[in-house]
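Examination of the molecular architecture
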Amino acid sequence: AQRVTQPEKLLSVFKGAPVELKCNYSYSGSPELFWYVQYSRQRLQLLLRHISRESIKGFTADLNKGETSFHLKKPFAQEEDSAMYYCALSGLDDTGNQFYFGTGTSLTVIP
Amino acid sequence: DAGITQSPRHKVTETGTPVTLRCHQTENHRYMYWYRQDPGHGLRLIHYSYGVKDTDKGEVSDGYSVSRSKTEDFLLTLESATSSQTSVYFCAISGRPSTDTQYFGPGTRLTVL
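As a starting point, this report considers the structure included with it.

A word on the interface of chain A and chain B
Each side of the interface is counted separately: chain A has 20 residues, and chain B has 26 residues. Across the chain A to chain B interface the summed buried area is about 2,000 Å²; carbon plus sulfur atoms make up 52%. It is A:Arg43, A:Phe99 and A:Phe101 in chain A that bury the most area against chain B; as a group they hold 36% of the surface buried on that side. Our enumeration of links across chain A and chain B arrives at zero salt bridges. The interface formed by chain A and chain B holds four residue pairs in polar contact (both at pLDDT 80 or more) in total. When residues of the side of chain A that touches chain B are traced back to their parent elements, those giving at least two are strand 5 (32-38), strand 6 (45-49), strand 9 (83-93) and strand 10 (96-101) of chain A. Of the residues belonging to the side of chain A that touches chain B, the class tally is nine nonpolar, eight polar and three charged.

Digging into the sheet that holds strand 8 (residues 72-74) of chain A
Residues and elements named next belong to chain A. Spatially, 3-8-7 is the arrangement adopted by the three strands of the open sheet, whose pairing is antiparallel. Two strands in the sheet have a free side with no partner beyond their single neighbour: strand 3 (19-21) and strand 7 (60-61). Two strands pair when backbone bridges link them, and strand 7 and strand 8 are joined in this way by two bridges, in the antiparallel orientation. Paired with Ala61 across the two strands is Leu72, which belongs to strand 8.

Definitions and limits used
Residues numbered from 1 in each chain as written. Chains lettered and ligands numbered in written order. Predicted model: local features only at pLDDT ≥ 70, side-chain atom pairs only at ≥ 80, totals over all residues. Heavy atoms only, no water. Contact = heavy atoms within 4.5 Å. Buried area = accessible area lost by both parts, 1.4 Å probe. Salt bridge = Lys/Arg side-chain N within 4 Å of Asp/Glu carboxyl O. Polar contact = N/O pair within 3.5 Å; in protein donor to acceptor, adjacent residues only side chain to side chain. Helix = DSSP H or I, 4+ residues; strand = E, 2+ residues; numbered from the N terminus. Nonpolar A, V, L, I, M, F, W, Y, C, P; charged D, E, K, R; others polar. Pairing = 2+ DSSP bridges.

As structure tokens, then:
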């Protein structure tokens, strides 16, 4: 069963435009949600996590338990935001600790 | 970058041969993970370890085994490699399993011919 869904494989926006990367999840209990980012030629790294309720590089994400969503948003996209973004979920189920990543969204910010 | 290295970084092998990938950390983190990254699938957890000699299966563990004899090393073994195991393999570490950030290694690109 797909635990984390990122419906957009590719997303292009113009510099200065708002951007929203969608993430929906399916999980019973109380999962932890994360956004990871992979810039070109760099390692995958944490962007933000819902438990911290923080804003990193202008990005925010709100956990909506009713809609089971954790969309990533930024009001004004910058060229340096071009990267691959992964939504991720961690939780504890009857098989132990599990970690699920979405299929990723490749964001391109057009100058 | 957190102190995580993977070796080898690239490997080409033939179907049916055994392959071992190594992940080494200098952060003394308790948890270590192996993922594979494939187009259209994102990252999928293969196995993880929650301490020396303590491991558990992930989402796609069939065809893979792991071992952790020391805190700093986590080995992933493909006993008999198949073409479907051609992928990029990432190791990650964390202090705690659910809430902590996972720090990723640089990846190993494995091609099985």
